[in-house]
Amino acid sequence: MLIDLKPLFCGECESIDISCQLDFSDETLLSGKPLQKPVTVKGFIKRRAQVVFFDASATVTVTAPCDRCCTVCDEVLDLNLSQVIVKRLENEDDDDTYVLAPDMKVDLYNLVFGETVMNLPSLHLCKEDCKGLCPTCGVNLNTQNCNCNNN
Ligand SMILES: [Zn+2]
Ligand SMILES: [Zn+2]
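Quick summary incoming for the structure in this document. Owing to the predicted nature of the structure, the values given are computational and were not obtained by experimental measurement.

## Considerations on the overall build of the protein chain
Part 1: When helices and strands are counted, the protein chain shows 2 helices and 7 strands.
Part 2: Over its C-alpha trace the protein chain gives a radius of gyration of 21 Å, far above what one expects of a compact globule, namely 15 Å for 151 residues.
Part 3: Projected onto its principal axes, the C-alpha coordinates of the protein chain cover approximately 70 × 30 × 25 Å.
Part 4: Sorting the 151 residues of the protein chain into buried and exposed places 18% on the buried side.

This is the structure we're talking about:
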């Protein structure tokens, strides 16, 4: 989804509203396709003085098996997307700091997907205190007890 930033860079307008849904359901991550639910993005791209910046929030639902008990569960990530968009880099070392838009267009899909990948939790849990599976007999210790001695 390409957004044309020319009106911003050329001073024809001050702000472009962003309100859309992105579909990441075909993206493979965590050895599955965990982004089955639509991703909502809301915010704006604004120009202040000579600086064009993106300021939005994205709500991403990660659907994947819990890392401890393997029960499939949802985790909602609220991403804060706050980035400065530039036409060219003054300094090549800045390419992590800025979003580069040499043709004055920015691809919202890539931008939000990149942030999603960076912010994926290292541990996906059904609940914070998930007890996981018994390493000996394999029962789900959240719903069942067992008599194994796992010390
Ligand atoms: Zn769990
Ligand atoms: Zn057991």
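## Considering helix α2 (residues 108–118)
Part 1: Those residues of α2 not exposed but buried are L111, V112 and T116. On an axial view of α2, the arc spanned by its buried residues comes to 130°, and they lie on one face. Summarising the geometry of α2, the exposed residues directed more than 90 degrees from the buried face are N110, V117 and M118.
Part 2: Here the buried face of α2 lies against β2 (15–22), β3 (39–48), β4 (51–65), β5 (72–86), β6 (98–100) and β7 (105–107).

## Examining the sheet that holds β2
Part 1: Spatially, 5 strands are ordered β2-β3-β4-β5-β6 in an open sheet, and the strand pairing comes out mixed. Two strands in the sheet have a free side with no partner beyond their single neighbour: β2 and β6. Pairs of neighbouring strands in the sheet enclose a mean axial angle of 30°, with direction left out of account.
Part 2: Here β5 runs beside β6; their pairing, made up of 3 bridges, is parallel. Across the sheet, residue I85 finds its bridge partner in β6, namely V99.

## So, the environment of E75
Part 1: Relative to the helices and strands, E75 resides in strand β5.
Part 2: The exposure class assigned to E75 is partly exposed, which follows from the 17 C-beta atoms found within 10 Å.
Part 3: Residues E75 and S15, 60 residues apart in the sequence, show an inter-C-alpha distance of 32 Å.
Part 4: Each residue touching E75, except ones within four places of it in the same chain, is listed here: V62, P121 and H124.

## So, the nonpolar core
Part 1: Counting residues in each nonpolar core, the largest one holds 22 residues, and the members touching the most others are L5, V39, A58 and I85.
Part 2: Contributing elements (two or more residues each) for this core: β3, β4, β5 and α2.
Part 3: Take this core: its biggest share by element is 7 residues, from β4.
Part 4: In contact with A58, not counting residues within four places along its chain, are V39, T40, V41, L79, L81 and V112.

## Structural notes on the pairing of β4
Part 1: Relative to β4, β3 runs antiparallel, the two sharing 9 bridges. Counted as the bridge partner of K42 is S57 from β4.
Part 2: If you look at the hairpin formed by β3 and β4, you'll find 2 residues sitting between the two strands, and A49 has a positive phi there, around 55°.
Part 3: One ladder, built from 14 bridges, connects β4 with β5; its direction is antiparallel. For V52, the partnering residue across the bridge sits in β5 and is I85.
Part 4: Here β4 folds back onto β5, and the loop between the two strands holds 6 residues, one of which, C70, carries a positive phi near 70°.

Reading the values: rules and limits
Residues numbered from 1 in each chain as written. Chains lettered and ligands numbered in written order. Predicted model: local features only at pLDDT ≥ 70, side-chain atom pairs only at ≥ 80, totals over all residues. Helix = DSSP H or I, 4+ residues; strand = E, 2+ residues; numbered from the N terminus. Rg over C-alpha atoms; globule rule 2.2 N^0.38 Å. Buried ≥ 20, exposed ≤ 12 C-beta atoms within 10 Å, placed from the backbone. Arc of directions from axis to C-beta. Contact = placed C-beta atoms within 7 Å. Pairing = 2+ DSSP bridges. Axes fitted to C-alpha atoms, helices over the stretch in contact; angles between N-to-C directions. Core = buried A, V, L, I, M, F, W, Y, C linked by C-beta atoms within 7 Å.

Worth remembering: the numbers are spatial, not functional.
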